[in-house]
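Tertiary structure, described
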Amino acid sequence: MTELAGNGTRTGLPMLADLVSDGDVVVLSGAGLSTESGIPDYRGETGRRRRAEPMTYQAFTGSEAARRRYWARSHLGWRHIARARPNAGHRAVAELQRRGLLTGIITQNVDGLQQAAGARGVIELHGALDRVLCLACGERSARERLEERLRAANPGWSARAETINPDGDAVLRDEAVEAFRTVGCERCGGVLKPDVIFFGENVPPARVGDCYALTERAGALLVLGSSLTVLSGYRFVRHAARHGVPVAIVNRGATRGDPHALLTLDAPLGATLDALVAGLPA
């Protein structure tokens, strides 16, 4: 198997291959899996260069001004997310699934890149940016349709993003935000929200329950590109450990889950997963 530079990778990669080749693996992916597609993460190297804090659920639902700020910034930032393409890491996960080695994929990402790489049955723990939810009537609609309506409502709006954040949020000057017009639900006129879990919002209990069930039945839990800083993903690592399920983590830098892991690799995701797949029987 190809050996890679990085902490522990020379002995760790064959060990990871042995773990994965036994099958029944559940993948838990985070923002670090998408950085090689040009989408910054929250707490890795690109995350440390962030200039703005993410929108909270309480701010979004409690203030029209906050919603205008969110949609102005997201309208611009969405173009960056929509142009992103799956990288080697996404493709490797899809290939592991195709070979029958995975029993489930849980992603904390909202960019849809894992599915774009060919993976099926992905549990989107935090939702997806390509859908929009009406908070009044509950209707879900396509983000593309909302983008058409926002362009029509803002002719001549030509703001430029200073920075793109991990959730598709673009950093804009205040005057650009103030000039932006939002739109309501086409069915009822209600407030529209991206179909994602904001900070301060709870993941639906049924979705969490599905992830717990997958985790405790797994032969192994493979964490990819997540610092596990927030409880949302970290709880599944703890759950796996409580049920005697071995945990392997591939991430750039240490993670909160390292004490629970049988194996940790501090290595680039794309190259590591490429090498993993290359070393497994086809």
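Note: the structure precedes this text.
Read on for a plain summary of the structure. (Residues numbered from 1 in each chain as written. Predicted model: local features only at pLDDT ≥ 70, side-chain atom pairs only at ≥ 80, totals over all residues. Heavy atoms only, no water.)

Some thoughts on the packing of aromatic side chains
Counting across every chain of the model gives six aromatic pairs. For the pair Tyr 70 and Phe 198, a centre-to-centre distance of 5.4 Å together with 55 degrees between the ring planes defines the contact as tilted. Taken together, the residues Tyr 70 in helix α3 (residues 64-83) and Phe 198 in the loop between β8 (192-196) and α8 (205-217) connect sequence positions 128 residues apart. For Phe 198, a relative accessible area of 8% puts it in the buried group. Centre to centre, the rings of Trp 157 and Phe 180 are 4.8 Å apart; their planes meet at 65 degrees, and the pair counts as edge-to-face. Here Trp 157 is found in the loop between α6 (143-153) and β6 (163-164), whereas its partner Phe 180 is found in the loop between α7 (174-178) and β8, with 23 residues between them in sequence. When its relative accessible area of 2% is taken as the criterion, Phe 180 is described as buried. Among the aromatic side chains, those forming a connected cluster through ring pairs are Phe 60, Tyr 70, Trp 71 and Phe 198. Seen from the ring of Phe 198, Lys 193 lies directly overhead, with NZ or CZ sitting 4.7 Å from the centre. (Phe/Tyr/Trp six-rings, centres within 6.5 Å; stacked < 30°, edge-to-face > 60°. Helix = DSSP H or I, 4+ residues; strand = E, 2+ residues; numbered from the N terminus. Buried < 20%, exposed > 50% of the residue type's maximum accessible area, 1.4 Å probe, protein only. Lys NZ or Arg CZ within 6 Å of the ring centre and 35° of its normal.)

Notes on helix α10 (residues 269-278)
For α10, a buried count of seven out of 10 residues is recorded, marking the element as mostly surrounded by other parts of the structure. Residues Leu 269, Gly 270, Thr 272, Leu 273, Ala 275, Leu 276 and Val 277 constitute the buried set of α10.

Digging into the pattern of salt bridges
Any two side chains of opposite charge can pair, given that their charged atoms come close. With the rule as written, the count across this model stands at 12 salt bridges. A salt bridge links Arg 99 to Glu 95; the shortest N-O distance between them is 2.8 Å. Residue Arg 99 is classed as partly exposed on the basis of its relative accessible area, which comes to 24%. Here Glu 201 and Lys 193 are joined by a salt bridge, their closest N and O atoms 3.3 Å apart. Take Glu 201: its relative accessible area is 23%, and that puts it in the partly exposed class. (Salt bridge = Lys/Arg side-chain N within 4 Å of Asp/Glu carboxyl O.)

Thoughts on the sheet that holds strand β11 (residues 263-266)
Strand order in the open sheet formed by six strands is β3-β2-β1-β9-β10-β11, with parallel pairing between adjacent strands. What marks the edges here is a single partner per strand, and that holds for β3 (123-124) and β11. Looking at chain direction, strand β10 (residues 247-251) and β11 are connected through four bridges and run parallel. In the strand pairing of β11, Ile 249 is matched with Thr 264. Across the sheet, helix α4 (residues 88-98) touches β2 (102-107) and β9 (220-224), and the angle it forms with β2 is around 150 degrees. Across the sheet, α10 is in contact with β9, β10 and β11; its angle to β10 comes to roughly 130 degrees. (Pairing = 2+ DSSP bridges. Contact = heavy atoms within 4.5 Å. Axes fitted to C-alpha atoms, helices over the stretch in contact; angles between N-to-C directions.)

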